[in-house]
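Summary of the model geometry
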Amino acid sequence: MNDKERKREKMDNPVVLALDTSTASLAAAVVRGTEVLGEIGSVAERNHSVLVVPKLQELLRSCGLTGRQVDGIAAGRGPGSYTGMRIGVTVAKTLAWAWGKPLVGVSSLEGLAYGAFHRGMEQAGTADRAGAAAADAGADDGTTWIVPIMDARRGQVYTAAFAAGDSGAKWERLADDGIRMMDRWMSELLQRLEAERHRRVRNLWIAGDLTQHEAAAGRLGEEVAAAFGDDAPQVRLLTYYMEGRWIGRLGGYRLAAGESDDVHALVPNYTQLAEAEAKLLAREEANR
């Protein structure tokens, strides 16, 4: 392989240091394309500020790399914990500036959904595992909707929606990142399913830490079964926690495409309730 070929391979499969601290999990990884060179995960939300730099140093050492040897940095930019997001994004920006490396921001909700999809397919069996491996390219053969959930307190969730074909169709965003009332969001998803019967949605996976929202998600499954009968998409509740490898994978796609964010301008995604919904919530609180 000559120098030109090596450079092209490096551009196609950059070595990415990935970091996300938007949840209670400190998730970090070093990836090259689909290969995971190293990964760490630590559930210690209140200690993210103390642990993040030592953990990244430990991760790089385990991979036999220095910061100068990575090709870029991917940072989960939320939405999620305000303090957590700020820590992760600030550290990623500082390292990118110090090392002179390109920086890309990645939706933490998309990273959660993308990881949940692949893990869910692995759990489903060997045939579906092959579909998950092709999830970035392939053909349309039915659709799985993935709805990531992060608790935002007071009945609210940070959430979005994505779709991927059961046999590896192109990854697609269906709904923007936002903070929504969980009950209303479940009702909206039912309406969307009914409006898009032609899309052959086979599965709807609600993924994340569902501790506070399992009841609402379970009710959606019952309502979908009642509305669709024998043709009902399978609603599955998938407990899943952030993994750095998927932030790295998504960030790697952007870097390979020549994209990057301004290291000084990148900020966390401080998603807020829509004004009308916030006012409604305030009225409900006042009437209790």
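Structure report, in brief. Model, not experiment: these values are computed from the prediction. Residue indices follow the written sequence of each chain, beginning from 1 at its first position. In keeping with the predicted nature of the model, local features appear solely for residues at pLDDT of at least 70, side-chain atom pairs appear and are counted solely at 80 or more, and the whole-chain, interface and lining totals rest on all residues. With hydrogens and water stripped out, all remaining heavy atoms of the structure feed into the side-chain values.

Concerning the pairing of strand β6 (residues 143-153)
The rule is simple: take the accessible area with a 1.4 Å probe, protein chains only, and divide by the maximum for that residue type; under 20% is buried, over 50% is exposed, in between is partly exposed. Every helix listed is a DSSP run of H or I at least four residues long, and every strand listed is a run of E at least two residues long, numbered separately from the N terminus. Buried residues dominate β6, accounting for nine of its 11 residues. At least two bridges found by DSSP between two strands is the condition for calling them paired. Taken together, the eight bridges between β6 and strand β7 (residues 156-165) define a ladder with antiparallel strand orientation. Note that in β7 the partner of Thr 144 across the bridge is Ala 164. Count of turn residues in the β6/β7 antiparallel hairpin: two residues, of which Arg 154 carries a positive phi of about 55°. Bridge analysis of β6 against strand β9 (residues 201-208) gives seven bridges, and the strand direction is parallel. Bridging from a neighbouring strand, Thr 144 pairs with Asn 203 of β9.

Here we look at the pattern of salt bridges
By salt bridge we mean one thing: a side-chain nitrogen of Lys or Arg within 4 Å of a carboxyl oxygen of Asp or Glu. The full count for this structure, using the stated rule, is 10 salt bridges. One salt bridge in this structure joins Glu 39 and Arg 245, with 2.6 Å as the shortest N-O distance. Here Glu 39 is found in strand β3 (residues 35-43), whereas its partner Arg 245 is found in helix α8 (residues 244-256), with 206 residues between them in sequence. Residue classification places Arg 245 among the partly exposed positions, given a relative accessible area of 22%. Within this structure, Glu 110, Arg 173 and Asp 177 form a network of salt bridges that share partners.

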